[in-house]
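This is what each chain is made of:
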Amino acid sequence: MKNEMSVKPVLDESWKQVLQQEFQSDYFLSLKKFLIEEKKRYQVFPPGQHIFSAFNHTPFNTVKAVILGQDPYHGPGQAHGLCFSVNKGVEPPPSLVNIFKELNSDVGSAIPQHGNLEAWANQGVLLLNATLTVRAHQAGSHQRKGWEQFTDAAIMALSEKRNGLVFLLWGNYAQAKEILINKHKHHVLKAPHPSPLSASRGFFGCKHFSLTNHFLTSQGKEIINWAIV
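Remember, it's a predicted structure, so these values are computed and weren't measured experimentally.

Caption draft 1: Fine view of the layout of surface pockets. What the second largest pocket holds in volume is close to 460 Å³. As for the second largest pocket, its lining consists of 29 residues, of which Q70, D71, F84, N129 and H193 are closest to the centre. Per-element accounting of the lining of the second largest pocket gives the leading share, 3 residues, to helix α8 (residues 172–175). Grouping the constituent residues of the lining of the second largest pocket by class yields 16 nonpolar, 12 polar and 1 charged.

Caption draft 2: Fine view of helix α9 (residues 208–218). Buried within α9 are the following residues: H208, F209, T212, N213, F215 and L216. Viewed along the axis of α9, the buried residues span an arc of 160°, placing them on a single side of the element. Looking at the buried residues of α9, the elements they touch are β2 (65–69), α5 (94–107), α6 (118–121), β5 (166–170) and β6 (187–191).

Caption draft 3: Representation of the packing of helix α3 (residues 26–41) against helix α7 (residues 147–161) within the structure. Close contact between α3 and α7 brings their axes to 9 Å; oriented N to C, the two are set at 130°. By the angle between their directions, the pair α3 and α7 is classed as oblique. Regarding α3 and α7, the two cross each other, and that crossing is left-handed. In this structure, α3 uses Y27, F28, L31 and L35 to contact α7, whose residues at the interface are W147, Q149 and F150. For the contact of α3 with α7, the residue count by class is 6 nonpolar, 1 polar and no charged.

Caption draft 4: Up close: empty space enclosed by the protein. Enumeration according to the criterion identifies 1 cavity of 30 Å³ or more in this entry. Estimates place the volume of the largest cavity at around 40 Å³. L68, G69, L128, N129, A130, T151, I155, Y173 and K177 are the residues that line the largest cavity. Those elements that place two or more of their residues in the lining of the largest cavity are β2, β3 (125–129) and α7. The residue inventory of the lining of the largest cavity, partitioned by class, reads 5 nonpolar, 3 polar and 1 charged.

Caption draft 5: How the structure looks around the sheet that holds β6. Strand order in the open sheet made by the 4 strands is β3-β2-β5-β6, with parallel pairing throughout. Both edges of this open sheet fall to β3 and β6, since each of them pairs with a single strand only. Recorded for the sheet is a direction-independent mean angle of 20° between the axes of neighbouring strands. With 5 bridges joining them, β5 and β6 adopt parallel strand pairing. What sits directly across from L169, in β6, is K190. Strand contacts of α7: β2, β3 and β5, with the helix running at about 150° to β3, the strand carrying the most contacts.

Caption draft 6: Quick peek at the packing of aromatic side chains. Counting across every chain of the model gives 20 aromatic pairs. Here the aromatic rings of W15 and F60 are separated by 5.1 Å at their centres, their planes lie at 90°, and the arrangement is edge-to-face. Of the two residues, W15 sits in helix α1 (residues 13–18) while F60 sits in the loop between α4 (53–57) and β2, which places them 45 residues apart along the sequence. The exposure class assigned to W15 is buried, which follows from its relative accessible area of 0%. By relative accessible area, which is 5% here, F60 ends up buried.

Criteria and cut-off values
Numbering of residues starts from 1 in every chain and runs along the sequence as written. Since the coordinates come from a predicted model, pLDDT governs what is reported: local features require at least 70, and pairs of side-chain atoms require 80 or more to be given and counted, while whole-chain, interface and lining totals use all residues. Side-chain metrics in this entry use all non-hydrogen atoms of the structure; hydrogen atoms and water are not considered. Cavities and pockets are found on a 1 Å grid laid over the protein atoms alone: a cavity is a set of points where a 1.4 Å probe fits but cannot escape, a pocket is an open set with protein on both sides within 12 Å along at least five of seven lines, and a lining residue has an atom within 4 Å of such a point. Grid points are joined across faces, edges and corners, and a volume is the space filled by probe spheres set on the points. We count a stretch as a helix when DSSP gives it H or I for four or more residues in a row; a strand needs E for two or more, and each element gets its number in order from the N terminus. Polarity classes work like this: nonpolar for Ala, Val, Leu, Ile, Met, Phe, Trp, Tyr, Cys and Pro, charged for Asp, Glu, Lys and Arg, and polar for all others, with Gly in that last group. Relative accessibility decides the category of a residue: with a 1.4 Å probe and only protein chains considered, values under 20% of the type maximum give buried, values over 50% give exposed, and everything between is partly exposed. Think of it as the arc spanned by the lines of direction from the helix axis to the C-beta atoms. Contact criterion: two residues are considered in contact whenever any of their non-hydrogen atoms come within 4.5 Å of each other. Throughout, an axis means a line fitted to C-alpha atoms (over the contacting stretch in the case of helices), and angles, computed between N-to-C directions, take values from 0 to 180 degrees. Roughly parallel covers angles under 35 degrees, roughly antiparallel covers those over 145, roughly perpendicular covers 65 to 115, and oblique covers all other angles. In a left-handed crossing the near helix is turned counterclockwise from the far helix by less than a right angle, and in a right-handed crossing that turn is clockwise. A pair of strands is treated as paired once DSSP finds two or more bridges between them. For Phe, Tyr and Trp, rings pair up if their centres lie within 6.5 Å, where Trp contributes its six-membered ring, and each pair is then called stacked (planes under 30 degrees apart), edge-to-face (over 60) or tilted (otherwise).

In structure tokens, the structure reads:
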């Protein structure tokens, strides 16, 4: 039986066109070599077919809002290619629990019974981690291998080629990406990270879900239904 990690990742055609130069670059070739060797020795998350899930659920021209994460979850069965999201049947991690608390407080949506955020991604919320893979049980293990350059290119492409997007930057790491965004064309919302270590310092009460919809409405765009069922 073919190992699920050997499945070749497939990228949405619209993103493939936007990012085609990245795939031909030296850093990306080095990244591919690193991942091939890494998978020979370790378990890597998410499974290969889910590495580009954020792009595949949210094609380039459908993006309305962007939520930036840092690293995939590194526990078994958690990561499936969307930042903060976990597969159904997996207990939502603490940061996601706090996201749901703020969602409930902000727009009145019931606390979801699962942590799968595909419903957001399918409506135009790009759920993008800066690093798209991780070694099992070792947070940050694939940082500074080339993924950040690739995802920065995606952010810059959205900033340059699209108009009127909302970027939700939670925590210092995500907020460091603000320099990639043209704030004359797009709306940036910033708050502390939803982690239990910082959520009480301003993530709770930030009202980013309703503010996102308010801005989308002002742009004549359809709002996001944030409810997770």
